[in-house]
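Understanding the architecture of this molecule
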Number of protein chains: 2
Amino acid sequence: MTSQTFFPVSQDHCKDFGKISVPKRLLFGPGPSNAHPDVLKALALPPVGHLDPFYVGLMSEVQELLRYAWQTDNRLTLPMSGTGSAAMEATIANSVEPGDKVLVAVKGYFGHRLVDMAGRYKAEVQTIDKKWGEAFTLDEIEAGLIKFRPAILAMVHAETSTGVCQPMKGIGDLCKKYDCLLLLDTVTSLGGVELFIDEWGVDLAYSCSQKGLSCPPGLGPFTISPRAEAKLNSRNGKVPNWYLDVSLLNKYWGSDRVYHHTAPVNMNFAIREALRLLSEEGLENSWNRHLDNAQMLWEGLENLGIELVVDKPLRLPTLTTVLIPNGVDGKAFASHLLNNHAIEIGVGLGDLAGKVWRIGLMGYNSTSKNVDKILNIFETELPKF
Amino acid sequence: MTSQTFFPVSQDHCKDFGKISVPKRLLFGPGPSNAHPDVLKALALPPVGHLDPFYVGLMSEVQELLRYAWQTDNRLTLPMSGTGSAAMEATIANSVEPGDKVLVAVKGYFGHRLVDMAGRYKAEVQTIDKKWGEAFTLDEIEAGLIKFRPAILAMVHAETSTGVCQPMKGIGDLCKKYDCLLLLDTVTSLGGVELFIDEWGVDLAYSCSQKGLSCPPGLGPFTISPRAEAKLNSRNGKVPNWYLDVSLLNKYWGSDRVYHHTAPVNMNFAIREALRLLSEEGLENSWNRHLDNAQMLWEGLENLGIELVVDKPLRLPTLTTVLIPNGVDGKAFASHLLNNHAIEIGVGLGDLAGKVWRIGLMGYNSTSKNVDKILNIFETELPKF
């Protein structure tokens, strides 16, 4: 049998790059974090079909364990088949109708992204703003709700660009009082920082796989409350995003198991195992571990004379922003750690670009041994810069 | 240090599902197909940062090998961070402006999906239609272009729902003649069936990782020609989809390497290795292997008295549609093969639901040994139904 090829095959782009070989890194940046070895093993299991009864059972396990991790009873709790940014867009795409007033509380890079996304879905976007490194008070939130009367308040719980953890007490009640939905970014908090979707009155939330869950990047946990589902069900016209349309996904992740798209089955093997490990450790234990190790890091850095950006009560246990000392080339130091010590730390974004390093201790990486490693490397290497 | 938890942690959804254990399957359905063992090994390598110089180098390798697999020089050739359906939506989201006329040539399930997606992006959608199991002639395509004068002609090269391979000769020339872009679904052809993006004059194409590339599902190869890029660059307003916006992705996948979203790094390790294996085998060898094994399957099935749906010249080497013999419960037979022989075959979709089985021999799975396995199982098991 010969091919019916009617053009010669071009070899222009047929390069011999050799077998893959990946350098080992300690990932202390804003994510991805190192994955748990058992999660990597699960990732490499041979794929099965996305409608295989075994896989359909695994989907239910993932959903149930995600409900535990997020502390929610929401029926529609599932990992979007993309990264955290896809899940972020899913919360906007499904909840925003053209002309809806969306109030975004902006205190960092990811607040700005919410503004951009909501605009693309034709929301009438308003913002309240805080300096990068600060959090909103309840009064500021309430003033915003009174002034703009939005249909949706969107905000970031754990702002990865600044290392601020937004205190959530009372915000859900305000949203109910002023009849708006609460949309929350929990990308850098899920699994690592206390988080109560239902008790906090959160209606839409999204996260990622590669931080507090100790899984590689590639899935975007998503959850939607019955209140937000009601808004979705009463919208005029289709969700203007097919891939992330929860009314379609509901037929696959709900009881019918109707084909929507071919699921990333291996990534779901991995997140299933990551969530199982989290439930085995217990949420409170994981939260306490992250907080304990973060406090060790904070004290250690301050003992070295290094200043932190965020006031202690607002600091995020999963991600610490560190002021680059005067006269130090922050980018060169980060490159030095990566190239000569196989350690990744993050540099600043947006308003904090060039001013800070971002040190993540998330999931599998949040250990006292790793804190020692970071403190030692800062102690020995920083004086050279 | 104790947690500052202000609610008790609910154990309602904290179930003990035990360690993951995945059944081994031979995947002869419409995809996913079994992944190459080396690809699974690459998938499980420890993650690195998405801006790590090593990773940035790997991104370029993936792009270059994708250009080879697709036979294109397109600069913007990259895997979308989602499944094939995300890449499908990316072609629509980036090329369609509200009010654009989009003509979809529908001859199966995935043509209908293109109609749905284009409508969500506010295209004025028209269709030309063929019976499921048939392909379009050049005259039919030209008549459609003359009648509707679309800005974009969207069609499916390898229709996974019917097993038809659309002859492409001359279609690109017609699109140039009538000044429209050609958008092509190559989900079930990339790597397994002859495919010449540039020679065929294709402007936008998408595919998946889990079929001809022998990789698990989770990435959606995407390519866009300079002609389609020009349309994107001259559009009014932002692409109404943040995650799939190629003008943003261009800053990360282009030369600047500006952060857009955290890439699914492990899936990219895997597709890099899958594409390397394809380039090592050689495209023509892979295409010939798929055709040879498909022909063995077709002859063997016909020798067993089983009828195929598609006329021989239009048959897709990667996916064969088989008429379920009169009186046989097709779903029960497929379940029997899965549950008792660990073999997955697909059932029918849409117009062919209940009427056909779909047998895939793709990528790593396209071997004469596997053809023998399928023929043996049909010979011994089908008479029991």
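Residues numbered from 1 in each chain as written. Chains lettered and ligands numbered in written order. Predicted model: local features only at pLDDT ≥ 70, side-chain atom pairs only at ≥ 80, totals over all residues.

**Considerations on the packing of helix H2 (residues 53–70) of chain A against helix H9 (residues 265–281) of chain A**
All names here are of chain A. Where H2 contacts H9, the two axes come as close as 9 Å, and the packing angle between them is 40°. As summarised for this structure, H2 and H9 are arranged oblique, according to the angle between their axes. With respect to the hand of their crossing, H2 and H9 are arranged in left-handed fashion. Counting all contacts with H2, which are made through Tyr55, Leu58, Glu61, Val62, Leu65, Leu66, Tyr68 and Ala69, the residues of H9 involved are Val265, Asn268, Ile271, Arg272, Leu275, Arg276, Leu278 and Ser279. In the contact of H2 with H9, the residues fall into 11 nonpolar, 2 polar and 3 charged. (Axes fitted to C-alpha atoms, helices over the stretch in contact; angles between N-to-C directions. Helix = DSSP H or I, 4+ residues; strand = E, 2+ residues; numbered from the N terminus. Parallel < 35°, antiparallel > 145°, perpendicular 65-115°, else oblique. Left-handed = near helix turned anticlockwise from the far one by under 90°. Contact = placed C-beta atoms within 7 Å. Nonpolar A, V, L, I, M, F, W, Y, C, P; charged D, E, K, R; others polar.)

**A short note on the nonpolar core**
In this structure, Ala118(A), Leu153(A), Ala118(B) and Leu153(B) are the most contacted members of the largest nonpolar core, which totals 254 residues. The contacts of Ala118(B), once residues within four sequence positions are left out, are Ile92(B), Val96(B), Val102(B), Val104(B), Ala123(B), Val125(B) and Ala154(B). (Core = buried A, V, L, I, M, F, W, Y, C linked by C-beta atoms within 7 Å. Buried ≥ 20, exposed ≤ 12 C-beta atoms within 10 Å, placed from the backbone.)

**Details of the sheet that holds strand S1 (residues 26–28) of chain B**
Residues and elements named next belong to chain B. The mixed open sheet is built from 4 strands, whose spatial order is S1-S12-S13-S11. Sheet topology places S1 and strand S11 (319–323) at the edges, where each strand pairs with a single neighbour. Geometrically, the sheet is characterised by an average inter-axis angle of 30° between neighbouring strands, direction not taken into account. Bridging between S11 and strand S13 (residues 356–360) involves 5 bridges; their strand directions are antiparallel. (Pairing = 2+ DSSP bridges.)

**Description of the domain arrangement of chain A**
All names here are of chain A. Partitioning chain A into structural domains gives domain 1 (26–32 + 283–384) and domain 2 (37–279). Using only C-alpha atoms to locate each centre, domain 1 and domain 2 end up separated by 26 Å. The interface is formed by 26 residues belonging to domain 1 together with 27 residues belonging to domain 2. Where the side of domain 1 that touches domain 2 is concerned, the elements lending two or more residues are helix H10 (283–303) and strand S11 (319–323). Looking at the side of domain 1 that touches domain 2 element by element, the count peaks at 4 residues for H10. Among the residues making up the side of domain 1 that touches domain 2, the classes are represented as 14 nonpolar, 9 polar and 3 charged. (Domains from an automatic or database assignment.)

**So, the sheet that holds strand S5 (residues 152–156) of chain B**
Backbone-to-backbone hydrogen bonds pair the strands of a sheet. The strands run either parallel or antiparallel. Residue and element names in this part refer to chain B. If you trace the 7 strands from one edge of the open sheet to the other, you get S2-S10-S9-S8-S5-S3-S4, paired in mixed fashion. Of all strands in the sheet, those bounded by a partner on one side alone are strand S2 (76–80) and strand S4 (124–129). Strand-to-strand twist in this sheet, taken as the mean axis angle between neighbours without regard to direction, amounts to 15°. Relative to S4, strand S3 (residues 101–106) is paired through 6 bridges, and the arrangement is parallel. Residue pairing across strands places Val106 opposite Asp129, the latter belonging to S4. Packing of helix H7 (residues 226–233) onto the sheet brings it into contact with S2, strand S8 (181–185), strand S9 (204–206) and strand S10 (220–224), and relative to S8 it is tilted by some 110°.

**With respect to the confidence of the model for chain A**
In this model, chain A carries an average pLDDT of 96, and 98% of its residues clear a pLDDT of 70 or more. On the interface metric, ipTM, the complex scores 0.97, and its pTM is 0.97. (pLDDT = per-residue confidence, 0-100.)

**Brief notes about the interface of chain A and chain B**
Across the boundary between the two partners, chain A contributes 87 residues, which contact 86 residues of chain B. Broken down by secondary-structure element, the contributors of at least two residues to the side of chain A that touches chain B are helix H1 (37–43), H2, helix H3 (84–95), helix H4 (109–120), H9 and H10 of chain A. Top contributing element to the side of chain A that touches chain B by residue count: H9(A), with 8 residues. Across the side of chain A that touches chain B, the residue classes tally to 41 nonpolar, 25 polar and 21 charged.

**Regarding the relation of the copies chain A and chain B**
The second copy of the chain is related to the first by a rotation about an axis and a shift along the axis. Once chain A has been moved 0.0 Å along the axis and rotated by 180°, it coincides with chain B to within an RMSD of 0.0 Å. Classification of the inter-copy transformation places it as that of a two-fold axis. Looking at the rotation axis and the C-alpha trace of chain A, the residue lying nearest is Gly82(A), at 2.4 Å. (Least-squares fit on C-alpha atoms with pLDDT ≥ 70 in both.)

**Overview of helix H3 (residues 84–95) of chain B**
Residues and elements named next belong to chain B. For H3, built from 12 residues, the straight-helix expectation of 16 Å at 1.5 Å per residue is met to within 8% by its first-to-last C-alpha distance of 17 Å. With 12 of 12 residues buried, H3 lies mostly within the body of the structure. Among the residues making up H3, those that are buried are Gly84, Ser85, Ala86, Ala87, Met88, Glu89, Ala90, Thr91, Ile92, Ala93, Asn94 and Ser95. (Expected span 1.5 Å × (residues − 1).)

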